[in-house]
Amino acid sequence: MTTTVSITWDAAAARRAERQFLAGPAPAGADGATSGDVIADVVAAMRGAHAQVLSAAEISVATRTAGGLTRADVRSALWESRTLVKTYGPRGTVHLLPAHELPLWSAALTAVPAGPSPFPPGVRLTDEQTGQVLAAIGDAVEGRCLTLDELTEEVVARTGPWAGDRVMPAFQDMWPRWRQVMHRAGWAGTLCFGPNRGRKATYTRPPLGAAPAGREDTGTRNALFAFICCYLRAYGPATPAHFARWLGAPAGWATGLFREMAAAGAVDEVAFEGAPAWVAAGDTEFPEGPARGVRLLPYFDAYVVAGQPRERLFPGEAYRRALAGGQAGNHPVLLVDGVVAGVWHQRRRGRRTTVTVEPLVPLTARQRRELGEQAERVGEVLEATAELVLGKVEVGPHA
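Residues numbered from 1 in each chain as written. Predicted model: local features only at pLDDT ≥ 70, side-chain atom pairs only at ≥ 80, totals over all residues. Heavy atoms only, no water.

*Asks:* I'd like a rundown of the nonpolar core, residues and numbers included.
*Replies:* In terms of nonpolar packing, the biggest core is built from 89 residues, with Leu 84, Leu 151, Leu 191, Phe 243, Leu 247, Trp 253 and Leu 296 touching the most fellow members. Sort the elements by how many residues they give to this core and helix α9 (residues 218-235) lands first, with nine residues. In contact with Phe 243, other than residues within four places in its own chain, are Phe 227, Ile 228, Tyr 231, Trp 253, Ala 254 and Phe 258. If you look at the next biggest cluster of nonpolar residues, it comprises 33 residues, including Ala 17, Phe 286, Leu 313 and Val 340. (Core = buried A, V, L, I, M, F, W, Y, C linked by side-chain atoms within 4.5 Å. Buried < 20%, exposed > 50% of the residue type's maximum accessible area, 1.4 Å probe, protein only. Helix = DSSP H or I, 4+ residues; strand = E, 2+ residues; numbered from the N terminus. Contact = heavy atoms within 4.5 Å.)

Written as structure tokens, this is what we have:
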């Protein structure tokens, strides 16, 4: 359905910050909820927390909560209460996801059309081999936590020597052939990360069985519609291109889905800064805006990775300083009133951590106080005492 609602950037940024607990933290223990429940709700609101570097995910999640929750609480939710799952999410990257949402994530991720393989023909898996590998992974991790080497042995034993051929270039190394579809086992809900065994990662089955991947039938379509509505409630107004970029999906496929949802009355069209965009049906209430407050967001925080349009979220000098070729997330960022206004870095030594912040705009006295509070909160999450330093951040991306 088309509406006449007009949404400004300030209003959109304010609502996104509010819904992702950046305007105010999620209360700890409200209505009898455990810390694991609160953490899972925060991750759901973010639509997943990027966890390639787990310490960054811990900061993303815990700083959005009240009650002094720390990285230990995030780890407890992940490995003890199991309200979180570490697995493969949007774009095939490692994420923390709420365990109770795994069926929805699985239905959506397995429905994304596979793009062309980036590997040469002699490296690729056939469709038949892919099916064998995915089945072998699921069988191998049932009731067990396996290291990568152990999982490789199990997959090869269940399929054939071809699966273990080290032909897949990755990170200045050659990986066994089967690993090119490892993320798809995560998407299908048959694989997730288990607790580390020493320094080695392990893999197991998720604590809650996700719905099996199916055809593009009515159930899968409904799940996709629900999944897109969840995304729009967190990051709307948005376009199909924004959604496709966040998910790592073909733009044409996303456009078709939005068209179907519009015809079904599942989304509403609005004018976002004068251009057509979409929100979930009926979800057209926005605050006056703009967002207020100072926040320190770590690498690949969901707010900056999914937030669009980039030029609004990264205004002026921030576009050059805090992005890498237009890609968000490579630098931890200083957020001021809902937009990126600097970069930061933390270096830990024992029980102390130095938080160096490079603002790209002048800060008021109030904003400096808030920045000090944010640095203290980062230290608290990391179970360290933080020292705030204002100055040039000399390290590069991913440092």
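*Asks:* Which residues make up the sheet that holds strand β12 (residues 294-297), and what values do they have?
*Replies:* A sheet is described by the order of its strands in space; here five strands give the open sequence β12-β13-β14-β15-β16, paired in mixed fashion. With partners counted over all chains shown, the strands left at the sheet margins are β12 and β16 (385-390), one partner each. Pairwise comparison of adjacent strand axes, ignoring direction, gives a mean angle of 30° for this sheet. In this structure, β12 lies alongside strand β13 (residues 333-336), joined through four bridges in antiparallel fashion. Its bridge partner being in β13, Leu 297 is matched across the sheet by Val 333. (Pairing = 2+ DSSP bridges. Axes fitted to C-alpha atoms, helices over the stretch in contact; angles between N-to-C directions.)

*Asks:* Explain the confidence of the model for the chain residue by residue, including any values.
*Replies:* Taken over all residues, the pLDDT of the chain has a mean of 93, while the share at 70 or more is 96%. Of the regions scoring below 50 in pLDDT, residues 209-217 engages in 15 contacts with residues more than four places distant in sequence or in other chains. (pLDDT = per-residue confidence, 0-100.)

*Asks:* So what's going on with the sheet that holds strand β9 (residues 200-204)? Which residues, and what values?
*Replies:* In space, the three strands of this open sheet follow the order β5-β9-β8, with antiparallel pairing throughout. Lying at the two open borders of the sheet, with one neighbouring strand each, are β5 (146-147) and β8 (192-197). Across two bridges, β5 lies against β9 in antiparallel orientation. Across the sheet, residue Leu 146 finds its bridge partner in β9, namely Tyr 203.

*Asks:* Go over the packing of aromatic side chains, please, and point to the residues and values.
*Replies:* Tallied over the full model, the rule gives 12 aromatic pairs. With a centroid separation of 6.4 Å and 70° between ring planes, the pair formed by Phe 227 and Phe 243 is classed as edge-to-face. Of this pair, Phe 227 sits in helix α9 while Phe 243 sits in helix α10 (residues 240-247), and the two are 16 residues apart along the sequence. Residue class for Phe 243 comes out buried when judged on its relative accessible area of 0%. With a centroid separation of 5.1 Å and 65° between ring planes, the pair formed by Tyr 231 and Phe 243 is classed as edge-to-face. A residue pair is termed long-range when its members are at least 10 positions apart, and Tyr 231 in helix α9 and Phe 243 in helix α10 qualify at 12 residues. (Phe/Tyr/Trp six-rings, centres within 6.5 Å; stacked < 30°, edge-to-face > 60°.)

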